[in-house]
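Residues per chain, in single letters:
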Amino acid sequence: DNREPNFNTKSPDFIAWDPSTGLTGGYWGTAYSTITRANLALSKGPDIETPNAQTKAHNLAEARFLRGYAYLWLTKVYDGVPLLLSPEEQANLRPTRTPVEQVHQAIIQDLTAAEAELPATWPATDGYGNPTQGRVTKGAAQMALADLYLWRSTYMLKNEWQQASDAANRVITSGLWSLNADYLRTFRPSNKGNREMILVITNSGMNSRTGTIFQLFYYPRDWGLDRGQGGGWGLIHPTTWFWNSYAPGDYRRDGGADYTTNAAYVTGGCGLSNLCATPLADGPMPYKYKKTDNGANWDISDVD
């Protein structure tokens, strides 16, 4: 967006990340923290004695999924990265960069193994009485494989469209997942765990431990919904071409005119810091992560 305040927030849109971009390290630290924990689980877990063998198998499969998914995002951001698949390999403080093709093959192995072992659905609680909302399913591994093959076919020109199609089709034919007729229903707190949610970060809206400021990426900074605190990165307006692709009268285009609307896109309104913008200077704003309190408390989100 032409009003982004600094290069750190707009450089991803230009695919212009480099070591000096402040946010570049965010993916690195988060992904390798995930990989470290997954490697520990996969290294020590098989030797743990437990009467619940099925839960143990599911936990190890989740670890393989999370490791593969972390490496998928690392290669999207950095291309080749150090491929570390055990605590012993991570003991090397100066690992070398592994070619992206080798990393991708390791991802395929992890996600394929995870798909084979993960449950299609989870009961309300696991074998130890813990709630399972947000746990990884077989569909998530299939989705991630489709994502990887799509990336390889588009950005890397590997022509693996059939593999992408096959993985995506396994999600569809499972009968467990489907699109909601109402676009916004997917994101409403009243519809948690719906059939469109394959992989989610769950938020209760009850306390900051289960909250996230991820919604700052999507809230309309234009309207001061930050109570004057800076507003997050909420400037992502669709292009005029995309907006006009919806027929006049479609609820996704003309569903409302203020920030409390349930429409998927809104064209104007007033924010919590009494900043009003009608119409919005740069066109309509997507609003799929709207909180039920309209952003009164940024640290507590009720939207998954």
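Conventions and cut-offs
Residues numbered from 1 in each chain as written. Predicted model: local features only at pLDDT ≥ 70, side-chain atom pairs only at ≥ 80, totals over all residues. Heavy atoms only, no water. Core = buried A, V, L, I, M, F, W, Y, C linked by side-chain atoms within 4.5 Å. Buried < 20%, exposed > 50% of the residue type's maximum accessible area, 1.4 Å probe, protein only. Helix = DSSP H or I, 4+ residues; strand = E, 2+ residues; numbered from the N terminus. Contact = heavy atoms within 4.5 Å. Phe/Tyr/Trp six-rings, centres within 6.5 Å; stacked < 30°, edge-to-face > 60°. Lys NZ or Arg CZ within 6 Å of the ring centre and 35° of its normal.

**Digging into the nonpolar core**
For soluble globular proteins, nonpolar side chains are generally found buried alongside one another.
Inference 1: Counting residues in each nonpolar core, the largest one holds 31 residues, and the members touching the most others are Tyr32, Phe65, Tyr71, Leu74, Val81, Ile107 and Leu118.
Inference 2: Contributing elements (two or more residues each) for this core: helix H2 (24-44), helix H3 (53-78), helix H5 (100-117), helix H6 (138-154) and helix H7 (161-173).
Inference 3: Per-element accounting of this core gives the leading share, eight residues, to H3.
Inference 4: Aside from chain neighbours lying at most four places away, what touches Val81 is Trp28, Tyr32, Tyr71, Leu74, Arg97, Thr98 and Val103.
Inference 5: Leu184, Tyr246, Ala264 and Tyr265 belong to the second largest nonpolar core, which has five residues in total.

**Comments concerning the packing of aromatic side chains**
Inference 1: Following the criterion strictly, the structure yields seven aromatic pairs and no others.
Inference 2: Considering the side-chain rings of Tyr27 and Trp73, the 6.1 Å spacing of their centres and the 15° angle between planes classify their relative orientation as stacked. Residue Tyr27 is found in helix H2, and its partner Trp73 is found in helix H3; the two are separated by 46 residues along the sequence.
Inference 3: Judged by its relative accessible area of 34%, Tyr27 is partly exposed.
Inference 4: Where Trp28 meets Tyr32, the ring centres are 4.8 Å apart and the plane angle is 55°; that geometry is what we call tilted. You can see Trp28 and its partner Tyr32 sitting in helix H2, four residues apart, about one turn around the helix.
Inference 5: A connected cluster of aromatic rings, assembled from ring pairs, spans Trp28, Tyr32, Tyr71 and Tyr78.
Inference 6: Lying across the ring of Trp73, Lys76 places its NZ or CZ 4.7 Å from the centre.
Inference 7: When the ring centre of Trp122 is taken as reference, the NZ or CZ atom of Arg135 above it lies at 4.2 Å.

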